[in-house]
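Spelled out from the first residue to the last, the chains are:
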Amino acid sequence: MKNQNESASVSVSENENKSENEFENESVSEGDSESEIENESVSENENEIQHPFHEEHPLVLVAEQSNEGHKAHCHGCGELLSAPCFTCIHCNYHLHKQCAEAPLSLPNHPLHPECSALGFFLRQRPFPDDDRVYGCALCKEKRNMFFYECRSCWFSIDIKCAQLSSSFKFTQLSKHDIHQHPLTFIESPMAIDVLKRLNCSWCHEPLIDAIYLCPDCPFILHKKCFDHELPPEIDHLTHRLHRLFLNRSDSDYLCNLCQKQHSGPFYSCSLCHFNINVECAWPRSIVEDKSRHQHPFSLLWRRGSFICDACDTEGNCISYICSTCSLMVHKDCTSLPRIIKFSRHDHCIFHKYFLEDLTRHDCKICFNEVKLDRGSYSCRKPGCNYVVHVNCVLEHQSLYEVINEEKQCEELKEKSMQSSIIRVIEVNEAGEAANIEHLSHQHCLVLAGKMEEEIDRKCDGCMLPISNICYYCSKCPFFLHKTCAELPRIKQHWFRQSNATLNFDSFNRCNFCSQSCSGFFYKIVEYWDVCIRCAKVADIIECEGHQHFLFFDFKCKKECNGCGKKCQNGAFRCGKCRFALDFGCLTLPHSALHKIDEHKLKLTYHDDKEQSYCDICEQYRDPSLWYYSCSICDTSAHLECVLGNFPFLKDGSTLPNYEHDHDHGLKIFRKVEGFPKCSECGRFCQEEIVKCKESTCNYILHCKCLGL
C-alpha cells in the first residue's frame, strides 16, 4: 500500500507557470543539458495521468467543458461531470480532477477514531454481496464510486463525504441506551447537503438541524429527538390491553409491528409476549413522496392480516393506506422506488400497482405467476413483456440501481453504448466486414466462410472449436468466431449491476465455470473473472438437456444434474421440476474428439442403461449424469475423461506469476512430446505439463505437482 501523500495524479512541472520569455532568458549550462531535455519530455505528458483504478489507458486532462461532458458522470464521486476533469479517449471513463488527485490513503478520520492509528485506503467499490457493509458511514449510500475503507474493519466513507468532512464538527459519544452502537454528534451546515435524502429514524422528518449519527448502521437522530428521554412506559394503539414497558436487550428480538429482528431498547408486554422496536413505537403518520406515489399514505394503526397492494405479499402488522387509490401497503412499501435499472434486463423497469393486461404473466426471476391486480415491476418498451415480482427484483441490492428521473434511463442507454473493439478495413458485397483490425491481435483478420471443425482449430476468444463463420489471421494461427470478434469492450453483465470490461488474458480461471482458460475474459468489478463462454449465457435459457426453460437462481444449492456436484454459487434451475445446472455443464462443448473413437463424441444427456462404464478409464459411470458418446461405435465416457483437465487452454499459454515461484516465466502444454522428467517428483511426464519459457532452462513440472 502506498503512503498517504501519494496521489493518483502526475505532478505538474515547476516550470509550468513560467512564460515563454522567461524560458528564453534562462541560461542552461552544458552539464545540465541532459537534465533539461529529460524535464521537457516529462512536461510534454503533464496533461496525462495513469490512474491505479484505470490501468488500461492513460487519462487525459480536459480543461474546458464540452457538450458531451454534460451527459457523463464521474467514476469517482458519481456526480455529473464538469471541467476540469480527466477522461479516457478509448473508453467511457471519467474523473473530476479533484477525484483523480485524491490521496490513495488517509491517516485517520474523525468519524472513526477507534481505528485511526491504522489509517484508511482508497478503494473502488464495495465487495459484492457483502451484507456487513452499509455503504458510506456518513450519507449511507451504496454507490459504485471511490471510497476510503478502514484497514481493520468494515468502516467506509465515500470520496465526496471524505472531502466535505473537513468542515464538520465531530464529537463521539459513548454507547447510549437508545442505540446499540456509539453515536457521533455532527454540528455543521454542510451536513444538511450531504444527508438531505435521509430522514430522522424517530420522527421521520428531514435532517435540517444538528444530528446524532451511527457510523455502523443506518441510524440517524435529530439532536432534539435525542435529547428527549424515552418514557419508561407507554400506551400504544396497537396493544390496548396492557401498557408497554421499556426494556433493553443485546440479543435479537422480533418486533411485532415491522416483523424484523432488532437489538437494543424496545417496548414490550411480558404477559402477551408483544414487542415493539423503539423506532416503530412512533411511526410517521403521513408519508408523502410524489416521486414514489402521487398521493400521500396515511398510517392505519389497526393490526391485522392483509395482502400488500405494492408487493403482493402478506402483512401482519400496521399498514399505510392511500384512500384515493384504495391501496393498503407495508410501511417499507410506501417508499418503493418507482423506476429501477435491473442488471438482468436491458431497459429500465417501472413499479405499477396493477397491470393493464388480460394475459397471464410469469415472473422472469422465479417463474411463478404475477397477479395482474397487485404491484409488480414491468418494462414499458413496446413489445417487451418483462414483468417481475417486487420482492424478487429487490432481493439483491447489488443487482439494481434506483433511477430518480425517467430521463436518466436514456442517459444510461447512451452510457452503455460503447465503441467496438474492431476497426473495419474492408467491406464485402454483402455489407459484412471482410477485413478488420482487432484490439487483441497485432495482424489484420480476414472473414472466412464455414470451416470444417478440427481439434487444433479453436477460437482464440472462447476456446471452442471453429466450425462456423470466423475471422482468421493469414500470418499466424489465430482464429475468432465472428460473434467473439464483435464483442463490446465494455458491457453490463446481468450477474452484477456494474460494467464488465473485456480483457485479453492468456491464462485465467473463470469464477463462473471454475475452468482454467485461455482467451478473452470479462472482468466484473474487480473481483469476478468470467470467460467468454459464460459471458454469453443469458439468465433465462433453453437447454437441449432439459425440456423446460431454465432461469438463474442465486440461492439455488442443489446438485447439478449434469455433473452431480453441488452448486455453490447459484444455478440455472427449472421452475416446473427439480432440475438444476451449473455454469460448467451449461457451457460444455456439444461435441469433442478423443483418440478412443474415430468419430466425434456427442454430449449426451440421458442413459437408459442400469449400469454403465467409461470406455476410457474403465470405471463406473453414473447413468443419470451427462456423458459423451458415439452412437455408431457404442462408445461412452465421463465428461472429464474426454475433455481432460484443461479443455479450454491453448498450448503455450503463459501462466501468471502468482501461480508459481520459478525465476522465469512458465508455459502450459496439454500435449507432451517425448517423456521428459518432472523436476519436482522425478517421474516421466505423460500428461499436462508446465515448461520454462527460457530455452536454456530445463525446468518441467507436472501440472498436478504445481497444484493446477
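Further up the page is the structure itself.
Summary of the structure given here. Being a predicted model, the structure only gives us computed values, none of them experimental.

Calculation rules
Residues numbered from 1 in each chain as written. Predicted model: local features only at pLDDT ≥ 70, side-chain atom pairs only at ≥ 80, totals over all residues. Heavy atoms only, no water. Helix = DSSP H or I, 4+ residues; strand = E, 2+ residues; numbered from the N terminus. Buried < 20%, exposed > 50% of the residue type's maximum accessible area, 1.4 Å probe, protein only. Areas by Shrake-Rupley, 256 points an atom, 1.4 Å probe, with all protein chains shown as cover. Core = buried A, V, L, I, M, F, W, Y, C linked by side-chain atoms within 4.5 Å. Domains from an automatic or database assignment. Salt bridge = Lys/Arg side-chain N within 4 Å of Asp/Glu carboxyl O. Pairing = 2+ DSSP bridges. Axes fitted to C-alpha atoms, helices over the stretch in contact; angles between N-to-C directions. Polar contact = N/O pair within 3.5 Å; in protein donor to acceptor, adjacent residues only side chain to side chain. Contact = heavy atoms within 4.5 Å.

Take the overall build of the chain next. Helix and strand content of the chain: 14 helices and 54 strands. For the chain, the residues scored as buried account for 46% of the 708 residues in total. Approximately 38100 Å² of the chain is accessible, and the part contributed by carbon and sulfur atoms is 47%.

In this section: the nonpolar core. Across soluble globular proteins, you tend to see nonpolar side chains buried next to one another. With 118 residues, the main nonpolar core has Ile349, Phe512, Phe572, Leu581, Phe583, Trp626 and Tyr628 as its most contacted residues. Three or more residues apiece are contributed to this core by two domains, here domain 3 (233–280) and domain 4 (416–536). Core analysis: the next-biggest nonpolar cluster, separate from the first, contains 51 residues, Leu81, Ala100, Tyr212 and Leu221 among them.

By the definition in use, this model includes 17 salt bridges. Measuring nitrogen to oxygen at the nearest pair gives 2.7 Å for the salt bridge that ties aspartate 235 to arginine 243. Given the relative accessible area of 59%, aspartate 235 is considered exposed. According to the relative accessible area criterion, arginine 243 is partly exposed, its value standing at 34%. Within this structure, Glu233, Asp235 and Arg243 form a network of salt bridges that share partners.

Read from one edge to the other, the open sheet built from 4 strands follows the order S35-S36-S39-S40, with strand pairing classed as antiparallel. With one partner strand each, in any of the chains shown, strand S35 (490–492) and strand S40 (528–531) form the two edges of the open sheet. Between one strand axis and the next, the sheet turns by 30° as a mean value, whatever way the strands run. Relative to strand S36 (residues 499–503), S35 is paired through 3 bridges, and the arrangement is antiparallel. Paired with glutamine 492 across the strands is asparagine 499, a residue of S36.

All right, on to the side chain of threonine 604 then. Within the secondary structure layout, threonine 604 lies in strand S46 (residues 597–604). Taking the relative accessible area as the measure of exposure, threonine 604 reaches 16% and is therefore buried. A polar atom in the side chain of threonine 604 sits 3.0 Å from the backbone oxygen of lysine 602. Those residues in contact with threonine 604, other than ones at most four positions away along the chain, are Trp626, Tyr627, Tyr628 and Ser629.

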